[in-house]
Amino acid sequence: TESKEAEVVNQARILEGSVRNTGTHACGVIITPDDITRFIPVTTAKDAELLVTQFDNSVVESAGMLKMDFLGLKTLSIIKDAIQLVKERHDIEIDTDKIPLDDLKTLELYQRGETNGTFQFESAGMQKHLKSLKPDKFEDLIAMNALYRPGPLEYIPNFIARKHGREEITYDLPEMEEFLAETYGITVYQEQVMLLSQKLAGFTKGEADVLRKAMGKKKRDVLDKMKPQFIEQGKERGLDAEKLEKIWKDWEAFAAYAFNKSHSTCYSVVAFHTGYLKANYPAEYMASVLTHNMNDIKKVTFFMEESKRMGIPVLGPDINESELKFTVNKKGEVRFGLGGMKGVGGAAVNEIVNERKENGSYRNIFDLLKRVDLRSVNKKTLESLALGGAFDSFQNSNRAVYFYQNGDERTFLERAMRYAQTLKAQEESAQVSLFGEAQEVSLPEPETPAVQEWPRLMLLNKEKEVNGIYLSSHPLDDFKYELKHLATHQVNDFSNLDSISDFVIGGIITEASHLTARSGKPFGKFMLEDYSGNHEFVLFGDEYLKFKPYLEINVMVMIKGYVNRYTPRWEGAQERVEPRLKDISLLQDVMDIEGQSVSIKLSLSDINPENIDEINQLVEKYKGNKRLNLMIFDPEKPKVNVRMPRRSGGLKISKDLLDELEERDFLKYTLNN
C-alpha cells in the first residue's frame with residue numbers, strides 16, 4: 001500500500017506545473033527581428049493554420065521578443081463614417097489629427113455630461129462626475145479616464161474638490177509637486193510613480209520601469225525587494241525616512257489600481273474626437289452611432305431617444321431617401337437605414353440605391369418595380385419595405401393596400417410584381433421596326449384598390465416586426481398625458497430597484513405567459529414596455545389570480561405597486577428585492593378614474609383680459625365634474641402664490657382639453673389624482 005501511495009505522489013509531482021491546455025490570445029502579436037522559428041518554438045492554433053508560440057507571454061518577453069496587443073475598436077469605424085457623412089453633407093474634410101483638443105464646444109459638452117454615444121465617458125456615474133468636475137482642459141479628461149475605475153474611484157471627489165479650490169492641495173515632499181501638480185497632488189498614473197522614483201531615490205529608468213511593471217502586475221515579491229532600495233537611496237539624498245515610508249505605503253495601495261497615463265491619453269484622444277463630432281456635427285455623428293448599433297434594438301432605441309433629446313428628428317425608412325446605413329438628409333434629420341430592416345438584404349438595398357442615384361427618385365410602386373432587378377429585390381424584401389413604412393412617401397401611403405387580396409388570392413403587391421415582370425419581358429422581346437425606331441410597349445398598370453387602413457396598433461406592431469422598433473409613432477402616444485402626469489416612474493427605473501419604494505407605472509404588455517410551477521400552482525409572467533424600455537414582472541398566488549385577465553399581448557395598463565424587500569429564512573440567505581403589484585387598470589380608463597383635478601398656473605405678468613378670456617372659453621367648452629384650480633404666482637417672488645379653486649362647476653378632463661392647454665404658452669398646468 002505504501003509503495004502505491006508513493007507512486008501516486010511521484011506521478012503527481014511529475015504532473016505538477018505541466019501545461020493542462022493551451023489557449024490563443026485574442027489580439028497578442030509577437031514581433032521578431034527574423035524568422036520566428038530561430039528564436040522560439042511555435043505550433044499551429046487549434047482551429048486555424050495560424051502560428052502560435054509554445055511559450056507563455058511572460059516567457060516570450062523574457063526571451064527578448066516584442067509582444068504587442070492589437071485591438072479592434074468599433075469607435076474608430078463610427079468616427080470614420082461620421083467624417084464621411086460630414087464630407088458628403090457639408091463638403092468639409094475633417095482630419096482627426098488636427099482636431100483641436102481645446103475645442104470649446106466639446107469641453108462644454110463634457111461639462112454638461114451629455115456624453116451618451118461617446119467613447120469611454122458615457123456611463124451615468126461618469127456623467128455625474130463630469131458635471132461636478134466641469135473639465136476645462138484636455139488633461140482633466142485624461143485624469144478622469146484613469147480615475148473612473150474600481151480602485152481610484154474614491155479619489156474622484158478629492159480630485160474635483162482640489163480642482164475647484166474647495167480642498168487644499170498638499171504634497172508629502174516639496175519635490176513631488178513637479179510631477180503631481182497636473183493631478184492636484186493625487187497620484188493617478190504609473191508614469192508619475194516612475195518619475196518620482198527617479199527623482200526621490202535615484203532609480204534608473206530601467207529600475208523605474210521594473211517598478212511600473214510590478215505595480216501593474218501586482219507582483220508583491222518584486223515590490224518588497226525594491227522598497228529597501230527606495231528608502232536607502234532616498235535617505236542618501238537627504239529626504240526624511242518617515243516621509244519615504246509613507247510615500248511607499250501609498251504606492252503599494254496605488255499598485256492595486258495603477259493605470260498607465262499613455263493608455264488613458266490614447267483613450268481620451270479617441271473619446272475627445274467622438275465628443276468633438278457630437279458637439280459640432282451632431283446629426284452626422286448620431287447617424288453613424290445608430291448605424292454601428294443596428295443589430296442591437298435596445299441600443300438603437302436608446303440612441304434614437306438621445307437624438308430626439310438633442311433636437312434631431314429620427315425618421316423611418318424611406319425608399320427615396322434612405323441608404324444602407326443611417327444617413328442625414330438635407331434638412332439635417334437622421335433617416336433610418338434600409339439595412340436595419342428585417343428581411344431587407346444588402347444586395348437589395350444596393351440595387352435600390354444605385355438605381356435611384358442614376359435615374360432619380362421612384363414615383364410609385366410600379367416605377368420602382370419596373371426599374372429594379374426583381375431577382376435582388378424579391379417579394380420578401382418588398383413586403384418588408386412596405387410593412388416598415390419605406391413606401392409611405394408614395395402618393396398612396398396606405399400600407400394595407402400592398403397586402404389586399406382580390407378574387408384570385410394574390411395580393412396587390414404580387415399583382416404589381418407580375419405586371420413589372422410581364423412589362424420587362426415584352427420590352428426585351430420587342431422588335432425594331434424597318435426604319436430603326438424602337439417599338440413602344442404599352443401595358444396598363446393594375447388598378448390600385450381602395451382599402452381601409454389597418455388599425456393603428458396593428459400597423460405599429462407590423463412595423464416593429466420589421467424595424468425592431470416603433471418609428472412612425474408609439475402605441476402609448478394616445479396616453480402620453482396619463483404617463484406624464486399620473487405615473488411616478490418609467491420602466492428603465494426598474495434596473496435599480498433599490499431606489500424605488502412605491503411606484504405607478506404605465507405601458508403596453510408585449511409578452512405574456514400563463515405557466516404552472518412544479519408544485520402544480522399557476523403563475524404568470526408579462527413584459528411591460530414604455531418609451532424607456534421594458535421589464536419583466538412575475539406574478540404568483542393570489543396576485544396572479546387577481547390580475548390574470550390583464551395578461552394579454554397589446555393590452556395597455558397602468559400599474560400601482562411597491563418594492564418588497566425581504567430575506568429568505570434559510571441560513572446565509574441574501575436580502576431579495578422584487579416589485580409587487582397592488583392594482584392594474586386599463587390605460588383607457590385611467591383618465592376618468594385617476595384624473596381628479598387640473599391645476600392651471602398663471603404668472604402675474606400674464607394676467608390680462610385676452611388670456612383670462614381664453615381660459616374661460618376652455619372652461620365652457622370642457623364642462624364637467626372634475627376640479628379646477630387656478631394658481632397665480634409672482635416670478636420675482638417664488639414663495640408668493642395664490643391658489644384659487646373654482647367653487648361651482650368643473651372640467652371634463654380629456655386628451656383634447658390637455659392638448660389645448662399644451663398649446664397655450666402663457667400658462668402651465670398639472671393633472672392631479
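What you see is a predicted model, and the numbers here were worked out from it, not measured in a lab. (Residues numbered from 1 in each chain as written. Predicted model: local features only at pLDDT ≥ 70, side-chain atom pairs only at ≥ 80, totals over all residues. Heavy atoms only, no water.)

A. Seen up close, the overall build of the protein chain. In terms of regular secondary structure, the protein chain is built from 25 helices and 18 strands. Its C-alpha atoms give the protein chain a radius of gyration of 34 Å, more than 25% over the compact-globule value 26 Å for 673 residues. Taking all 673 residues of the protein chain together, the buried fraction comes to 41%. Surface summary for the protein chain: the accessible area is close to 38000 Å², and the carbon and sulfur share equals 49%. The centroid of the 90 positive side-chain charges in the protein chain is displaced by 3 Å from the centroid of its 105 negative side-chain charges. (Helix = DSSP H or I, 4+ residues; strand = E, 2+ residues; numbered from the N terminus. Rg over C-alpha atoms; globule rule 2.2 N^0.38 Å. Buried < 20%, exposed > 50% of the residue type's maximum accessible area, 1.4 Å probe, protein only. Areas by Shrake-Rupley, 256 points an atom, 1.4 Å probe, with all protein chains shown as cover. Lys, Arg positive; Asp, Glu negative; His and termini not counted. Charge placed at Lys NZ, Arg CZ, Asp CG, Glu CD.)

B. Highlighting the packing of aromatic side chains. Under the defined criterion, the tally for this structure stands at 21 aromatic pairs. Judged by centre distance (5.4 Å) and plane angle (75°), the rings of Tyr 110 and Phe 121 are edge-to-face. With Tyr 110 in helix H4 (residues 104-112) and Phe 121 in the loop between H4 and helix H5 (124-133), the pair connects residues that are 11 residues apart, well separated along the chain. Owing to a relative accessible area of 0%, Tyr 110 belongs among the buried residues under this scheme. (Phe/Tyr/Trp six-rings, centres within 6.5 Å; stacked < 30°, edge-to-face > 60°.)

C. Quick look at unusual backbone geometry. Of note, Gln 120 is a non-glycine position whose phi angle comes to about 70°, a positive value. On the accessibility criterion, Gln 120 (33% relative accessible area) is partly exposed. A positive phi angle, near 75°, is found at Asn 554, a position not held by glycine. Of note, Asn 554 is situated in the loop between helix H22 (541-547) and strand S11 (556-566). The class of Asn 554 is partly exposed, set by a relative accessible area of 26%.

D. How the structure looks around the packing of helix H9 (residues 190-201) against helix H11 (residues 220-236). Where H9 contacts H11, the two axes come as close as 8 Å, and the packing angle between them is 45°. On the basis of their axis angle, the class for H9 and H11 is oblique. Taken together, the residues of H11 that come into contact with H9 (itself represented by Ser 197, Leu 200 and Ala 201) are Phe 230, Gln 233 and Gly 234. Taken together, the residues that form the contact of H9 with H11 break down as three nonpolar, three polar and no charged. (Axes fitted to C-alpha atoms, helices over the stretch in contact; angles between N-to-C directions. Parallel < 35°, antiparallel > 145°, perpendicular 65-115°, else oblique. Contact = heavy atoms within 4.5 Å. Nonpolar A, V, L, I, M, F, W, Y, C, P; charged D, E, K, R; others polar.)

E. Structural detail: helix H19 (residues 412-429). Along its 18 residues, H19 runs 26 Å from first to last C-alpha, staying within 8% of the 26 Å computed at 1.5 Å per residue. Along H19, the positions that sit buried rather than exposed are Phe 412, Leu 413, Arg 415, Ala 416, Met 417, Tyr 419, Ala 420 and Leu 423. The secondary structure elements touched by the buried residues of H19 are helix H17 (365-371) and helix H18 (379-388). (Expected span 1.5 Å × (residues − 1).)

F. Quick peek at the side chain of Glu 529. On the secondary structure map, Glu 529 appears in strand S9 (residues 522-530). A polar side-chain atom of Glu 529 sits 2.7 Å from a polar atom in the side chain of Lys 464. In contact with Glu 529, other than residues within four places in its own chain, are Lys 464, Tyr 470, His 474, Leu 476, Gly 507, Ile 508, Thr 510 and Asn 534. (Polar contact = N/O pair within 3.5 Å; in protein donor to acceptor, adjacent residues only side chain to side chain.)

G. Expanded view of a nonpolar patch on the surface. Taken together, the side chains of Val 29, Ile 31, Leu 66, Met 68 and Phe 70 make up a nonpolar region of the molecular surface, amounting to roughly 410 Å² of accessible area. Counting residues per element, the ones that place at least two in the nonpolar patch are strand S1 (28-31) and strand S4 (66-69). Judged by its relative accessible area of 32%, Met 68 falls in the partly exposed class. (Patch = residues over 30% accessible without salt bridge, like charges linked within 9 Å, V, L, I, M, F, W, Y side chains within 5 Å. Salt bridge = Lys/Arg side-chain N within 4 Å of Asp/Glu carboxyl O.)

H. Expanded view of the sheet that holds strand S6 (residues 327-328). If you trace the three strands from one edge of the open sheet to the other, you get S5-S7-S6, paired in mixed fashion. Whereas interior strands pair on both sides, the edge strands pair on one side only; in this sheet they are strand S5 (314-315) and S6. For S5 and strand S7 (residues 334-335), the ladder comprises two bridges, and the chain directions are parallel. Following the sheet pairing, Val 314 is matched in S7 by Val 334. (Pairing = 2+ DSSP bridges.)

I. Structural detail: the nonpolar core. With 124 residues, the main nonpolar core has Leu 277, Ile 365, Leu 382, Leu 385, Phe 391 and Leu 661 as its most contacted residues. Sequence-distant contacts of Phe 391, defined by excluding residues within four places in its chain, comprise Ile 319, Ile 365, Leu 368, Leu 382, Leu 385, Ala 386 and Tyr 402. Judged by nonpolar contacts, the second largest core, of 25 residues, contains Met 176, Leu 196, Ile 231 and Trp 248. (Core = buried A, V, L, I, M, F, W, Y, C linked by side-chain atoms within 4.5 Å.)

J. Focus on helix H6 (residues 138-147). In terms of residue burial, H6 counts as a mostly covered element, since nine of its 10 residues are buried. Regarding H6, the residues found buried are Phe 138, Asp 140, Leu 141, Ile 142, Ala 143, Met 144, Asn 145, Ala 146 and Leu 147. Of the surrounding secondary structure, the elements contacted by the buried residues of H6 are H4, H5, helix H7 (156-163) and helix H13 (261-280).

K. Expanded view of the environment of Leu 671. Relative to the assigned elements, Leu 671 resides in strand S18 (residues 667-672). With a relative accessible area of 3%, Leu 671 lands in the buried category. As for Leu 671 and Ile 612, which are separated by 59 residues in sequence, their C-alpha atoms are 20 Å apart. When near neighbours in sequence (up to four residues on either side) are disregarded, Leu 671 contacts Tyr 481, His 485, Leu 486, Met 591, Gly 595, Ser 597, Val 598, Ile 653 and Leu 658.

L. View of the sheet that holds strand S10 (residues 533-540). Strand order in this open sheet of five strands is S10-S9-S8-S11-S12, and the pairing throughout is antiparallel. Unpaired on one side and paired on the other, S10 and strand S12 (576-586) mark the two borders of the sheet. This sheet shows a mean twist of 45° between the axes of neighbouring strands, independent of strand direction. Summarising the sheet, strand S8 (residues 502-516) and S11 pair through seven bridges and their orientation is antiparallel.

M. Local environment of the environment of Ser 585. Residue position: Ser 585 is located in strand S12. Spatially, the C-alpha atom of Ser 585 lies 6.6 Å from that of Ile 559, the residues being 26 residues apart in sequence. Once residues lying within four places of it in the same chain are set aside, the contact partners of Ser 585 are Tyr 550, Met 556, Val 557, Met 558 and Val 590.

N. How the structure looks around the layout of surface pockets. Of the volumes computed, that of the largest pocket is approximately 1400 Å³. Along its surface, the largest pocket is lined by 34 residues, and Lys 67, Asp 69, Arg 212, Lys 217 and His 263 are the ones closest to its centre. Looking at the lining of the largest pocket residue by residue, the class counts come to 15 nonpolar, 11 polar and eight charged. The computed volume of the second largest pocket comes to approximately 1200 Å³. For the second largest pocket, the lining is made up of 41 residues, of which Thr 301, Phe 302, Tyr 531, Ser 532 and Gly 533 are closest to its centre. Taken together, the elements giving at least two residues each to the lining of the second largest pocket come down to H5, helix H15 (297-309), S8, S9 and S10. (1 Å grid on protein atoms, 1.4 Å probe; cavity = no way out; pocket = protein on both sides within 12 Å on 5 of 7 lines; lining within 4 Å. Points joined across faces, edges and corners; volume = space filled by probe spheres on them.)

O. Up close: the side chain of Glu 594. You can see Glu 594 is positioned in helix H23 (residues 587-594). Separated by 3.1 Å, the side chains of Glu 594 and Lys 560 make a polar contact. Here Glu 594 is in contact with Leu 486, Lys 560, Asn 672 and Asn 673, once residues within four sequence places are set aside.

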